Amino acid sequence: MKTLFLTLFLFLWGGLASAERLKDIASVEGVRDNQLFGYGLVIGLNGTGDDTDFTNQSFISMLNQFGINLPDGADTDSDNVAAVSLTATLPPFSKPGQTIDVTVSSLGNASSLQGGTLLLSALKGADGQVYAIAQGNLVVGGLGVGGADGSRQSIATPTVARIPNGASVEKAVANSFNRGDTLTFNLNRPDFTTAKQVADKINGLLGPGVAQSLDATSIRVTAPRDPSQRVTFLSILENLDVELGRERAKIVVNSRTGTIIIGQDVTVSPAAVTHGSLTVTINANPVGEFPGAGQELAPRQGVETDEESGHMFVFNQGASLNDIVRAVNQVGAAPGDVMAILEGLKQAGALNADLVVI
């Protein structure tokens, strides 16, 4: 019955007009996050480090930078050191001196990063240039313990850690925000109707021709060149309420949990499906009295379900998928039966919607 209530709620909600702020449904072209990546060493571990060759080589290279040259064949194995990869996200408009969070992940066979400290490491962008420098004490959310017999027990993941505000930005990333006479909004979910609504909303506020919808994703807007005026301009536009276009008719089925989510505008055509002892019939038969004096037969669409127990339901208000799901639920069919019926309707061409199985 939970599936039924959820289905009915989505049908009712889908019929309501939806208005969202422009900043929630679109982004400005060129204004985006940038991913950073690096490599480093974590020291100070309590015997939970790794003993891989690349860790030893990195450890020797670090010592050489401080003028410490080890003799050939010297034992460099240390359980207190671990090689790690570093990842971070550089937000747009980040300036040198600001800080960002860093995620630290073990590369070798270290059992835990608990209590470790990351040595000074460079974070590079996709172009190979250094954009931030990371260093600091690790915060580990997981816990790993081991016994003398070799048994181990882990809670969460002790080989992944965070360093809040652990990297200092060294270089700003160039963007196209202050270039040219136009700005382009890109919708998060491409839709021709929504793109037109955005352009119409902006033109209604600023005058015709200011905004042009280029395709289902992009809306180009004429903007002032002065950076200060452009910021004010965007502040006004991103808070505009825009009516969203109705999504494509879609059904999402989670085969693991049995959850069925039905979107708006989902309909079915006349068909009949038999699944085990359950029969679902979708008809569009004309009914009425014998025609005469201009009287015509009135078509009636309905949904009928039948099983061996004798349950039968007839709906005369039109054949909708909502009717089918409600009828199948009322006779106590399992979610698997509903999924099988939906898949059968789709294969028969009677389901006017996209069927997505996750």
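## As for the overall build of the protein chain
Along the backbone of the protein chain there are 7 helices and 24 strands. Going through the 358 residues of the protein chain one by one, you find that 36% of them count as buried. Long-range pairs, those at least 24 residues apart, make up 66% of the contacts in the protein chain between residues at least 6 apart in sequence. Approximately 20000 Å² of the protein chain is accessible, and the part contributed by carbon and sulfur atoms is 52%.

## Comments concerning the sheet that holds strand S12 (residues 182-187)
The strand order across the open sheet built from 4 strands is S2-S12-S14-S13, with neighbouring strands paired in antiparallel fashion. Each of the sheet's edge strands pairs with one partner strand only, and the pair in question is strand S2 (26-28) and strand S13 (211-213). Across the sheet, the axes of successive neighbouring strands diverge by a mean angle of 25°, strand direction being ignored. Where helix H4 (residues 192-206) meets the sheet, it contacts S12, S13 and strand S14 (218-222), and its direction lies at approximately 170° from that of S13. In this fold helix H5 (residues 227-237) packs onto S2, S12 and S14, with an angle of close to 30° to the strand it touches most, S12.

## Description of the side chain of serine 112
Structurally, the position occupied by serine 112 is in the loop between strand S5 (99-106) and strand S6 (117-124). For serine 112, a relative accessible area of 7% translates into the label buried.

## Examining the pairing of strand S4 (residues 82-90)
Extensive coverage of S4 is indicated by the burial of 7 of its 9 residues. Where strand S3 (residues 34-43) and S4 come together, 9 bridges link them in antiparallel fashion. Pairing of glutamine 35 across the sheet is with threonine 89, part of S4. Where S4 and S5 come together, 4 bridges link them in antiparallel fashion. Each bridged residue has a counterpart across the sheet, and for serine 85 the counterpart in S5 is serine 105.

Calculation rules
Residues numbered from 1 in each chain as written. Predicted model: local features only at pLDDT ≥ 70, side-chain atom pairs only at ≥ 80, totals over all residues. Heavy atoms only, no water. Helix = DSSP H or I, 4+ residues; strand = E, 2+ residues; numbered from the N terminus. Buried < 20%, exposed > 50% of the residue type's maximum accessible area, 1.4 Å probe, protein only. Contact = heavy atoms within 4.5 Å. Areas by Shrake-Rupley, 256 points an atom, 1.4 Å probe, with all protein chains shown as cover. Pairing = 2+ DSSP bridges. Axes fitted to C-alpha atoms, helices over the stretch in contact; angles between N-to-C directions.

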